[in-house]
Every structure is written in structure tokens, then in C-alpha cells.
Amino acid sequence: MVDTPHPNRSAEAGAPMPRTSRLTALLHRSEALRGYLLMAPTLLIMTLGIAIPFLILVAMSTWTRDGFGFDTTPTINNYLRVWTEPVFGALMTRSFWISGVATVATVILCYPMAYYVAFHVHRRKMLWIILMTLPFWTSYLLRVFAWKVILGYEGVINSGLMSLGFIEQPLEFLLYSQEAVIITLAHAWAAFAILPIYVSLEKIDRSLLEAATDLGDGPVRRFLRVTLPLSMPGVIAASFLIFIPTTGDYITPALLGGPDGAMIGNFIQLQFGPVNNWPMGATLAIVLMFWITAVALAFLFLTRALRERLT
Amino acid sequence: MSQGTYIKRHNRALQIYAVVFLIVLYVPVLFIPLFSFNDSVYVRFPLQGFTLQWYGELWTREPVWNALWNSVRVGAVVSVISTMLGVVAARAITRYRMPGKSALVTFIMMPLVIPGIIFGVALLVLMSRLGVPLSLYTVGLGHLIFCLPFAVATLLPRFEGFDPSMEEASMDLGENGWWTFWRVTFPMVFPGVVASLLLTFTISFDEFIMAFFLTGTDPTLPMYIWGQLRFPQEFPSVLALSALILIASFVLVFVAQWIGRVGLDQNKETP
Amino acid sequence: MDVLDQLGAVREGKLSRRRFIKELTAAGVAVTMVPAGARRAMAASEDQATFFTWGGYDIPELFQPYQAKNGELPNFSIFGGSEEALTKMRGGFVVDVSHPCNQALPRWVATGLFQPIETARLSNWADVMPEIVALPGNDAGSGNVWMAPFDWGQTSVTYRTDIFELEGEESWDMLWDQRYGGRLGSLSAGADAWWCGAIKAGVDFADIATEEAFEKIAAVMREQRPLIRVYTDDTTTLEQALASGELVAAMTWNSSASLLQAEGVPVKFAKPKEGALTWVCGAVIHKDAPNLDRAYDVIDSLLSVETGQFMINDYGYGHSNAKSFEAFDEATLQGLGLSKNPLEILQAGHFQVPQTQEWETRMNETFEQIKAGF
């Protein structure tokens, strides 16, 4: 229907000037061209902002630092260093571990919440959704900082436990540890788990559930056989939305991680800051992106295989 | 919602979980306003007493206002540009058949699946190679790239559910292209536009890591707050400002919801 | 991405287009009107010089003469270490005045980012002690200097006298004390920590660039790493942690100990038997300083007697103005670990020696790896 040529259109738009009319006629004939033209500004900016910086990033990763400047003779030494020196691999693994645990924890903790709103709240659903997303309007930095106040040596948890007499000495592992980073990430990214899961639960056709009930499935069986598989798209989306940005997080480990909780993002920043080795920083950024892509693809492949096995 | 009859039973455990969940969600956030009334420069327990001093001092803290103003400017420009670009891109994607379209869409959506630190670093490298000095413009460019996919993603469903025959009818009635867009297309995609403006503004306003790499002499608000977290000279004022922003955004969300309901009622009255 | 769309629908519901435009206009007006007062103030503050400095130097007490002359305080921008500062300025960050230390000075000057200071324009210059002006690489010709020395002091161990059980003499070993593993703190910049490690390892600063010294210091730093609870460039964090007992000892500058003592926290700034790390820091002017006249006002203010007395009395630092010491008797200065003769203090400790950029980068790289656990 869209494609039916419309005599009115071209006549209307280009009547006064013959040359433009030829151009507009061409535009009208080739809808692909019109589409590209409409997308051109967006694509131009994205090319400027993604493609070109990335090419330069790749180029720089093959350079060598030379005092304040660079030696631009291409070399793969930086990649070799990332491969051979244990510190880089260890930080990369630690980043994936921390954000992986945080992702799993967030999704598991948020699923029942999304489930509750999708199935047990009948009136004022929107109010619940707003209530759940409202905290995420506050500054991310300050939410992370708030956790520092909670987990700190004289923080809420320690002073609370001490005044209740459960502990004599403040618990020191709460702050400046990987656990602190994981807890904070799980809290900070909760909205990104709740919303996709809620949407996928909400989309489930209720009659399917009734059918399962009619076929004699108990609540648990029904959940495992119908609800959970059908909400998997939401779970997967949530996992991606949390896992990918958190692997490169900088603020949380910097404020709460301490020496053992530092992640690859902190190390990349150091290369551009005090260490002053930009080519190494570029290399680390590229290696990080490579691994994220690899992990994401593996995850997608696994879930797809799993779904095929199930159905 | 009446079709959910099969699940009438109240699940007490789930209900308790939901309430606990909300409490855990809110408690850390509410520490911000709490400490903004605390009569001590140090953010730690026990609380020292009630004061409005930090709110009073806030008016004299020029750097805070500078940073807020910088963030508002960047956020406003970024949200308008990214939404405008998002509108044309979403229209092109939904309206025209183009070879390689899905590749282009994937390309636009890429920032969604790449950690911000990589973008920050890449843009920093680009700027330094081009010899462009870091400023609010470089931050704005970074935010634009980060926000565009969100704008497109928000607007796409609006355009997908859009009936092109309406536009054609308008054309047939003798309206020109621009007028058709303004009178017919725009009102239909309008909620998406508002959503996109709000979302991109919020993202830009709170964005840290790109600003961290791309800020020059003028800090955005998150950059300023970061400085205050590390070197807390004026930190309580930052808490006071954040509490105000918090309240403002809470009010905004609720007002938006209320207006939305009024709009709905009106729609019902005058179909 | 219907999630986002839904969010949008939640937020805005169904506003009419006309109402939307009306509200957008109103919001626009609000945005331009509300902070009008604030912006007027901003316009004024844009005329003030910007001082790019360490945390803790951004306080009004150091700028009384400046404020008296210009009506307001200068603007401040804060860094956590001199490498961070230099990287930022090389990336195009323009300020009026910044604050390096003697060890970094030649490298800072070599970047070409700074202009010589015309000492004739500083009213307090005549009172500046010549011994600390004559630093390596500070001569800019015809009586001018690159850096106007301002503060001098030590990096040493601040420890809680009530919790930390001292075994024998005060020493750098305190920060390597296994008994207090997990309750020790350190400055995170290699510009302090690595040099303290050198003292602990017994490396002479003249040999600090040798391969052997490098290995020795790295070994010492690795040994210390598991004992450290937090490496930070924010002195407030260290001070608060010492005050609460979270840390029992930490590597700090003079000011942390002085501030904590003033608050009644039982701490002492150690005089390690191996000697403390000593340094002189000062002000430099950026070559593109937008407010050059006020840049000189900032420096003159830093060099003034009022500022000096605050630095000595409240922060426990030495000051470059000889007259600043006149208000204090010898006993008070002794109590603060200072002396009217700066060389006496600086020579008693280990005075930092400028190094090449190559060394600096390698040192930072190694130290960051050690901090990360390798």
C-alpha cells in the first residue's frame, strides 16, 4: 500500500521548478534513496562518533608510547603484553566475574518482583512500576556513594550491628571489597532487570496459564513449564543490559572496591591518567570489547540451544 | 485485567518480598536527603542534628550552580538533537525499504552494547589526534552518540504502529510534505518524542564515564560531584542539591503521570 | 525496546501537542530565569583566576589577600596527584596557576605548558627564602623562575598513639607491620609512595633510577600491598579512617596529623629513624593563563605572611616566606616538627630528586600493577 506511486505527490511538491522536480522525482522513485537520505545525519554522526574513533583506537593500540608522544611504527607488542603479563588477564577475569555475579544476583532478585507486579497487582500497576523505577532518577554516583555510607567502617550496618550487640568490632570486609562492588552494582542496576522481565511476563497470554492449570499442572510445574520459558526473552535482555555496561564500570570499584576490588575500567583509566600509556589503554579497551562480544555471543548461543532443546 | 482470574489467591510471601524489595531499593537513595539535613560535614553515622545550613549555603556555592547549568545545557541540546535525529531515522527505518537496513540499525544500536568507558576512550583519542580541545562540546558529542540509540529505540515502536494511509490522505487533501508531517505525523508519534526527550535528557544529565574522559575546564554536574566525593570540601551542599534534584524528578514523574491521566479522561469524554 | 516506550508512556501519558509546546516554553523560560542570579554570580567568578591544586589547598584561609584585593576567592580545580594534573593539562585543560613539586618541576617545564614568573611582580618575593628557590631546573633566566616555592614539608607516617603499639623507634617499618595488616593506609600516587618505598628499601635517591633500585623498591611495595586497606589520593579519607580507628597508621603529609590533633584525635606524625620524605611545592603559571594579573595575585597571596602563618599553625607545613615564622617561637616550631631554617628539615629527610619522564612512566606502571596485586 505504501509503495503505490502517487501522481499527486510529485506534482504537488515539485511543480514550480523543473530541475528540482527531476530530483524529487528521482527521490520519489527510489525509496531506498529517500530512506538513506533521511538517515544520513544520524549515520554521519554515528560514523563520526563510533567508526572513526574506533579506527583510531585500533591504530593507537599498535603504537608505542614515547615520552610524551607516540612512536607510530605498528607493532603488536601491546597485545602480546596483555596476553603474557598476568595482571591484565586477571583484571579482565575479575571484571567479568564481578559483573557476572552482580547480573545473576540482580536478575534473580528482581524476577519475583516483576512477577508480583505482573500477576498479583491488579489495580495501580503503573504506580508500582513508577515506584520501582523512581530511585533510578537519582545520580548514579550518589547512589554508589550512599552504599559507601551504608557499608563503611562507621556505616549503617556496622553501627547498627554494634549497637544491637551482635558484633564488638566493625566488620571490615563490608567496604573496600569485591562484595561491596557486587552489592552496589546489583542495587544500582535493578531497574534494568525489572522492566524487561516485567514486560515479557505481562505479554504472556493468560489463557496459556489457565490451560496449564486445566491440564493438571500445579503452580510450580506451571511456572517452570510455561511462565519461565515464556519470560526468558526478558531475562536475557535484562542480563545483557546489566552485564555489558557493568564490566566496564569505573565509579563503583573506584569508590568501594579497595585494592582487591579494582576492575579493568579502573586500569584503562590509569593508562590514560597517571601511567600515561595511551596505546596500552587503547589496547585494553579493544581487548575488553572483544571479550564482551565473545561472552555475549556465547551466551546467546547457549540460550538458543537451550530453548531448542526444551521445545 | 479481569482475565487474570485464575490467580486470585493472594501470595503472602511474594507480597512481603515485594515490600522488602521496595524498602531496600529506597533506603540507600533516601540517605541523600537525610544527610543533607545533617549538621556535620562528614557523611557518617550517628547523625549530628538537624540543620538547613547546607541549603542556605547552596545559594552561595557558585561551582555547584556552574556545574548544574553546564549539565542542563548539555542535556537540553543533546536531548533535542538526538530526538530530532531519532525521529528522522525511525521514520526512515519504518517507512522505506532499504538494502542493508538491518545492518544500519545494528550500527546505530551499537552504543547500547558497548561499555561507556570504551567510547569515552575512543573519542578522547580522536579529539586529541585532531587537536580539538576538550570542552562541553566534546562531552555533548559523546552524549549524543550514547543517547541516539535510546532515542531511536524509543521512537521506533511509535512509528511502527503508525498507519501511513493517514499521511497519504493528508497529501491527497492538498497539504504539502512539511505540513503533513507537522499536522498528521508528528501528533501521532508525539508521546514517543516526549519520552525520547525525557529519556535522553536524563541519560545525559547523569552520564559520568564519557564526561570523565571528555570534560575540559567546565565540569558537568556528575563530574563536579565526583570531585567532591574525592575531595569533600563542599560535599554537604552537593547532597542538598541532589536532594532538590531528587524531589524535582519525583514531582515531575508524578505530575507527568497525573497529566497523563487527565489526558486519558479527556480522551474518554471527547472521543 | 518496548520497555523504553512504556517508560515514556508512563512518564508523559497523552499530552496534547499544544500543551506540550506550552510546557516546553514554560520550562525553557524557567531554565533561563531561575538560575539567573546564579549565572550573574558565575559571570563574576569567571573573571577570577583558577588554581589547579591538591585537595586541601582550596580553602579561603590561604587567599585572604587575594580576596581583599579582588572581592572573591579564586576558582579551584582539584587533582589527586601531579601526574594526573600534568596529563590533564597536556590534554588541553587550561588553568591560571597550578601546583607541582620540586621532583616534577623539570618535567612540567619541559612540556612547554608554563610561562616564567616575573618575580618583580610579586610583592612578597623579597621575603622568600632563597635556599628553596634555588631548586634544580627552576631558573628561568634574568632573575625569573618557573615555580614560586610556596609550601614545603614531609611525607611520613601518621599513627594512632593509642592503638598502634610502637616497637622501638618510629620507623617506616610501621607501614609494613604485619600485626596491623588490613589497617594501614597509603597515599596512592607513586610520587609519594614509591619514594617512601625507596627509603624503606634503603635505596639512596641518587641511585633510584638504577635497575637494581627498581627491583628492590618493587619488592618492598609488593610486600606492603596485602597489608594496605586503602590506597587513596584523598587525604580526607585517610584522616577520617584514622579518626575512626579503621586505620591505625597511614602514609600522609604533615597536614593530616595537624588537623587530626586539632580535633583531639591521639595521633602523631612520625619522625622515622630512616628519615622522612621531604619536598618543596610551589606555584606555576600556565602559558595561556586567561587571567594573568590575577594569577600573580594568587601567587602573591600564597606567599603572604597571613597564609604562611596559617600553613604553619594549622597544617604544620613549612612556608617559603621567612617572615611567616616570626610569629612562632622556636619551641612551637619544634613541636610542629619545623624549623626557621628549612634546609635543616629538608636535608634531615630524603629530598626528592627529579627524574626523567621514562622513569616516571615506568615507575607508575609498575606501582599500579603492584597495587592491583601483581
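Residues numbered from 1 in each chain as written. Chains lettered and ligands numbered in written order. Predicted model: local features only at pLDDT ≥ 70, side-chain atom pairs only at ≥ 80, totals over all residues.

Focus: the overall build of chain B
Point 1. Tallying secondary structure elements over chain B gives 11 helices and zero strands in all.
Point 2. Helices and strands appear in chain B in the N-to-C order α-α-α-α-α-α-α-α-α-α-α.
Point 3. The buried share among the 271 residues of chain B stands at 47%.
Point 4. In chain B, the share of contacts with a sequence separation of at least 24, taken over all contacts with a separation of at least 6, comes to 78%. (Helix = DSSP H or I, 4+ residues; strand = E, 2+ residues; numbered from the N terminus. Buried ≥ 20, exposed ≤ 12 C-beta atoms within 10 Å, placed from the backbone. Contact = placed C-beta atoms within 7 Å.)

Section: the overall build of chain C
Point 1. What chain C contains, in helices and strands, is 16 helices and 12 strands.
Point 2. Split into buried and exposed, the 374 residues of chain C put 52% on the buried side.
Point 3. A separation of at least 24 residues holds for 76% of the contacts in chain C among residues at least 6 apart in sequence.

Considerations on the packing of helix 10 (residues 190-202) of chain A against helix 12 (residues 219-247) of chain A
All names here are of chain A.
Point 1. The interhelical angle for the contact between helix 10 and helix 12, taken along N-to-C directions, is 165°, at an axis separation of 7 Å. One way to sum up the angle between helix 10 and helix 12 is to call them roughly antiparallel. Considering only the axes of helix 10 and helix 12, their crossing is right-handed. Two secondary-structure elements touch here, helix 10 through Phe-192, Ala-193, Pro-196, Ile-197, Val-199, Ser-200 and Leu-201 and helix 12 through Ser-231, Pro-233, Gly-234, Val-235, Ala-237, Ala-238, Leu-241 and Ile-242.
Point 2. Each residue belonging to the contact of helix 10 with helix 12 can be placed in one class, and the counts come to 12 nonpolar, three polar and no charged. (Axes fitted to C-alpha atoms, helices over the stretch in contact; angles between N-to-C directions. Parallel < 35°, antiparallel > 145°, perpendicular 65-115°, else oblique. Left-handed = near helix turned anticlockwise from the far one by under 90°. Nonpolar A, V, L, I, M, F, W, Y, C, P; charged D, E, K, R; others polar.)

Points about the interface of chain B and chain A
Point 1. Between chain B and chain A, the residue contacts involve 72 residues of the former and 80 residues of the latter.
Point 2. Sort the elements by how many residues they give to the side of chain B that touches chain A and helix 1 (residues 12-36) of chain B lands first, with 11 residues.

Thoughts on the interface of chain A and chain C
Point 1. Tallying the contact residues gives 27 residues for chain A and 30 residues for chain C.
Point 2. Counting only elements with at least two residues in the side of chain A that touches chain C, the list comes to helix 5 (86-120), helix 6 (125-133), helix 10 and helix 14 (264-272) of chain A.
Point 3. Along the lines of polarity and charge, the residues of the side of chain A that touches chain C split into 18 nonpolar, five polar and four charged.

Describing the nonpolar core
Point 1. One finds Ala114(A), Ile194(A), Val121(B), Val97(C), Ala249(C) and Ile299(C) to be the most contacted residues of the largest nonpolar core, which totals 271 residues.
Point 2. When residues in this core are grouped by element, the largest group, 15 residues, is from helix 6 (residues 136-160) of chain B.
Point 3. Aside from chain neighbours lying at most four places away, what touches Ile299(C) is Val97(C), Ile117(C), Leu122(C), Ala148(C) and Ala283(C). (Core = buried A, V, L, I, M, F, W, Y, C linked by C-beta atoms within 7 Å.)

Section: the confidence of the model for chain B
Point 1. Averaged over all residues, the pLDDT of chain B is 82; the fraction at 70 or higher stands at 90%.
Point 2. A low-confidence stretch, residues 1-6 of chain B (pLDDT under 50), is modelled with eight contacts involving residues beyond four sequence positions or located in other chains. (pLDDT = per-residue confidence, 0-100.)

So, unusual backbone geometry
Phi is mostly negative for residues that are not glycine, and the peptide bonds are mostly trans.
Point 1. Even without being glycine, Arg124(A) reaches a positive phi, approximately 55°.
Point 2. By the element assignment, Arg124(A) lies in the loop between helix 5 and helix 6.

Description of the pairing of strand 8 (residues 249-253) of chain C
Residues and elements named next belong to chain C.
Point 1. Strand 8 sits mainly inside the fold: five of its five residues count as buried.
Point 2. With burial as the criterion, each face of strand 8 is covered, one bearing Ala-249, Met-251 and Trp-253 and the other bearing Ala-250 and Thr-252.
Point 3. In this structure, strand 5 (residues 148-160) lies alongside strand 8, joined through five bridges in antiparallel fashion. Counterpart to Thr-155 in the pairing with strand 8 is Trp-253. (Pairing = 2+ DSSP bridges.)

A few points about the pairing of strand 7 (residues 228-232) of chain C
All names here are of chain C.
Point 1. Across the five residues of strand 7, four count as buried, placing the element largely inside the fold.
Point 2. Two strands pair when backbone bridges link them, and strand 6 (residues 184-187) and strand 7 are joined in this way by four bridges, in the parallel orientation. By the bridge assignment, Ser-186 is partnered in strand 7 with Tyr-231.

Topic: the environment of Val82(A)
Residues and elements named next belong to chain A.
Point 1. Assignment of secondary structure puts Val-82 in helix 4 (residues 77-84).
Point 2. On a C-alpha basis, the gap between Val-82 and Ala-285 in space is 11 Å, while along the polypeptide they are 203 residues apart.
Point 3. If we skip the residues at most four places from it in the chain, Val-82 touches Phe-88, Thr-283, Leu-284 and Val-287.

Structural notes on the environment of Leu57(A)
Point 1. The topology assignment puts Leu57(A) in helix 3 (residues 31-61).
Point 2. Discounting residues that sit within four places of it in the chain, Leu57(A) has contacts with Ala282(A), Ala285(A), Ile286(A), Val121(B), Ala122(B) and Val125(B).

A look at helix 1 of chain B
Residue pairs spaced three or four apart in an α-helix point in one direction, given the helix's 3.6 residues per turn.
Residue and element names in this part refer to chain B.
Point 1. In this model, helix 1 (25 residues) spans 37 Å end to end at C-alpha, consistent with the 36 Å of a helix rising 1.5 Å per residue.
Point 2. Considering bend angle alone, the principal kink of helix 1 is centred on Val-27 and spans about 35°; proline Pro-28 follows within four residues of it.
Point 3. Buried within helix 1 we find Ala-18, Leu-25, Pro-28, Val-29, Phe-31, Ile-32, Phe-35 and Ser-36. (Expected span 1.5 Å × (residues − 1). Bend = angle between axes of the 7 residues up to and from the residue.)

What to know about the confidence of the model for chain C
All names here are of chain C.
Point 1. Of the residues in chain C, 88% have a pLDDT of 70 or more, and the chain-wide mean is 86.
Point 2. Note that pLDDT drops below 50 for residues 1-17; the model gives that stretch 65 contacts with residues more than four away or on any other chain.
Point 3. Within the model, the stretch residues 24-44 combines pLDDT values under 50 with 10 contacts to residues more than four positions away or in other chains.
Point 4. The ipTM for the predicted assembly is 0.83, set against a pTM of 0.85.

A few points about the environment of Ile299(C)
Residue and element names in this part refer to chain C.
Point 1. Relative to the helices and strands, Ile-299 is located in helix 12 (residues 292-303).
Point 2. Residue Ile-299 is classed as buried on the basis of its C-beta count, with 28 C-beta atoms lying within 10 Å.
Point 3. Here the alpha-carbon distance between Ile-299 and Ala-348, two residues 49 residues apart in the chain, equals 28 Å.

Some remarks on the packing of helix 9 (residues 211-224) of chain C against helix 16 (residues 357-371) of chain C
Residues and elements named next belong to chain C.
Point 1. Where helix 9 contacts helix 16, the two axes come as close as 9 Å, and the packing angle between them is 25°. Put simply, helix 9 runs roughly parallel to helix 16. Crossing of helix 9 over helix 16 shows right-handed handedness. Mapping the contact onto sequence places Ala-218, Met-221 and Arg-222 in helix 9 and Thr-366, Phe-367 and Ile-370 in helix 16.

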